[in-house]
Amino acid sequence: MQTHSISYKAYRIFETQEGFKGIITQCKISDLPENEVLVKVLYSGINYKDFLSSCGNKGITKKYPHTPGIDAAGIVETSASDLFKKGDQVVIMGYDLGMNTDGGFGGYIRVPAAWIVPLPENFTLKETMLLGTSGFTAALGIHKLLLMGQCPELGPVVVSGATGGVGSFAVEILSGLGFEVWAASGKQNEEYLKSLGASKILAREEINDTSGKALLRPSWAGAFDTVGGNILATLVKGCKKLGSVTTCGNVAGAELPVTVFPFILNGINLLGINAADTPMNQRLNIWKQLSGGWKPRQLESIGNVITPEQIGEALEAMRNGSHSGRFVIRHEENF
Ligand SMILES: NC(=O)c1ccc[n+]([C@@H]2O[C@H](COP(=O)([O-])OP(=O)(O)OC[C@H]3O[C@@H](n4cnc5c(N)ncnc54)[C@H](OP(=O)(O)O)[C@@H]3O)[C@@H](O)[C@H]2O)c1
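Residues numbered from 1 in each chain as written. Predicted model: local features only at pLDDT ≥ 70, side-chain atom pairs only at ≥ 80, totals over all residues. Heavy atoms only, no water.

A. Highlighting the layout of surface pockets. Empty space within the largest pocket amounts to approximately 1100 Å³. Taken together, 49 residues make up the lining of the largest pocket; nearest its centre are Y48, V166, T226, G249 and V251. Mapped by element, the contributors of at least two residues to the lining of the largest pocket are α1 (48–54), α2 (125–147), α3 (165–176), β9 (181–185), α9 (311–320) and β15 (326–330). Of the residues assigned to the lining of the largest pocket, the class counts are 22 nonpolar, 21 polar and 6 charged. Lining the lining of the largest pocket are residues from two domains, each supplying at least three of them: domain 1 (3–119 + 298–330) and domain 2 (133–272). (1 Å grid on protein atoms, 1.4 Å probe; cavity = no way out; pocket = protein on both sides within 12 Å on 5 of 7 lines; lining within 4 Å. Points joined across faces, edges and corners; volume = space filled by probe spheres on them. Helix = DSSP H or I, 4+ residues; strand = E, 2+ residues; numbered from the N terminus. Nonpolar A, V, L, I, M, F, W, Y, C, P; charged D, E, K, R; others polar. Domains from an automatic or database assignment.)

Here is the structure:
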């Protein structure tokens with residue numbers, strides 16, 4: 001069969017008079033962008049960026065109809081690149097996938113070879129998606145913390161948004177590396193967070209200081225923030241001297257109400273994370289860490305495996321913030 005005649009299903013977002021709507025649609029390979037490698041998607045994941053794309057956020061996706069899905073794993077169907085051949089198992093995460101290039105909510109994707117990672121050692125395709133951009137982001141942030149000298153001996157590291165995808169993996173990997181992890185969450189989900197390795201649970205309010213002070217009593221040695229806003233500011237202001245704080249998300253706000261004092265008096269390092277644009281050599285290096293000792297022990301309990309028909313429900317749970325962990329889509333034969 002000629003590939004251009006293959007049809008597949010995708011959960012596509014349409015701009016309608018009533019707003020942006022997700023509909024399962026029959027698509028043709030010929031509708032996909034003209035890139036080098038055609039991949040049959042077996043597993044994909046749902047990230048916060050996909051939620052934003054599904055709501056019509058034009059900062060993420062400019063043109064609709066569109067198929068979100070920034071994470072996908074599957075098998076090469078055809079390749080115009082020497083780097084990959086039919087049958088190869090591959091993983092694609094980030095770059096423009098699911099943003100303005102049709103992504104993993106569909107049965108096929110067609111991407112440049114430069115975006116593709118061969119299936120990492122010690123992982124199955126399903127496991128790469130259980131980890132997904134969330135786990136990769138957690139690993140990238142932790143890699144940066146370690147580069148800045150953060151180590152278990154310095155004291156506890158706080159993780160905010162701890163029951164979310166990135167937060168859950170950050171708790172798991174940090175505790176696996178021997179850190180004392182304080183998990184901060186807006187949910188009553190102590191058992192889940194303890195099972196990931198958190199030694200102390202903080203309520204969200206405990207890391208949301210409203211005193212207006214420039215510096216707070218130093219309480220933690222470092223922090224992995226996933227929510228931004230005043231919570232990130234609190235984590236910076238309450239960090240012990242020379243500690244590091246990572247930033248990757250903005251669900252609690254995009255403003256950062258801090259003065260320069262935590263930086264110039266306490267020497268705090270604020271470390272930015274951009275997983276999507278991680279260069280390939282660094283990307284492979286992080287996967288190597290993940291294939292080795294960093295592989296989360298509880299991939300299965302962090303990932304909720306769903307069918308493509310349940311994507312709408314999962315996006316709704318993300319809107320309400322009612323889910324824990326991460327959603328992974330198992331594509332059926334005809335999807
Ligand atoms: N920069 C990057 O490269 C990169 C990569 C991946 C993700 N991200 C970003 O990182 C963030 C987290 O991603 P994710 O996949 O973990 O998302 P997620 O699964 O939706 O988790 C976000 C978590 O944030 C907490 N939260 C929700 N609403 C909040 C609010 N109003 N105030 C404070 N906390 C709130 C909740 O945790 P609790 O209930 O436990 O508090 C929620 O589970 C997102 O903003 C995402 O866009 C960035």
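So much for the structure itself; the text now carries on.
B. How the structure looks around the environment of Q150. Examined against the element boundaries, Q150 turns out to sit in the loop between α2 and β8 (157–159). Classification of Q150 by relative accessible area gives buried; the value is 4%. Contact partners of Q150, with chain neighbours within four places excluded, come to L145, V157, F179, A221, G222, G243 and S244. For Q150, the side chain forms a polar contact with the main-chain nitrogen of S244, separated by 3.1 Å. (Buried < 20%, exposed > 50% of the residue type's maximum accessible area, 1.4 Å probe, protein only. Contact = heavy atoms within 4.5 Å. Polar contact = N/O pair within 3.5 Å; in protein donor to acceptor, adjacent residues only side chain to side chain.)

C. Main features of α9. What α9 keeps buried is the set I311, A314, L315, A317 and M318. Take α9 and look down its axis: the buried residues cluster within an arc of 155°, on one side only. Across from the buried face of α9, at angles greater than 90 degrees, the exposed residues are E313 and N320. Close packing links the buried residues of α9 with β1 (7–16), β3 (37–46), α1, β14 (303–306) and β15. Of the residues flanking the end of α9, it is G321, one or two places downstream, whose phi is positive at about 65°. (Arc of directions from axis to C-beta.)

D. Inspection of the sheet that holds β9 at higher detail. Read across the sheet, 6 strands follow the order β10-β9-β8-β11-β12-β13 without closing on themselves; strand pairing throughout is parallel. Edge positions in the sheet fall to β10 (200–203) and β13 (269–272), since each has one partner strand and no second. Each strand axis lies, on average, 20° off the axis of its neighbour in the sheet, ignoring direction. Of the strand pairs in this sheet, β8 and β9 are connected by 3 bridges, and their pairing is parallel. Across the sheet, residue V159 finds its bridge partner in β9, namely A183. Sheet strands in contact with α3 are β8, β9 and β11 (222–225), and its direction is about 155° off that of β8. Relative to the sheet, helix α5 (residues 229–237) contacts β8, β11, β12 (244–247) and β13, its axis offset from that of β12 by approximately 165°. (Pairing = 2+ DSSP bridges. Axes fitted to C-alpha atoms, helices over the stretch in contact; angles between N-to-C directions.)

E. Expanded view of the site of the ligand. Taken together, the neighbourhood of the ligand is formed by 26 residues, with T163, V166, S185, I273 and A275 sitting nearest. One nitrogen or oxygen atom from the main chain of G164 is found 3.4 Å from an oxygen atom belonging to the ligand. At 2.8 Å, a backbone N or O of I273 approaches a nitrogen atom of the ligand. The protein chains hide 84% of the 920 Å² of surface that the ligand would expose on its own. Spatially, the ligand is embedded in the largest pocket. Broken down by secondary-structure element, the contributors of at least two residues to the shell around the ligand are α2 and α3. With 3 residues, α2 is the single largest residue contributor to the shell around the ligand. For the shell around the ligand, a count of residues per class yields 10 nonpolar, 14 polar and 2 charged. (Near = heavy atom within 4 Å. Areas by Shrake-Rupley, 256 points an atom, 1.4 Å probe, with all protein chains shown as cover. Sits in = over half its atoms within 2 Å of the grid points.)

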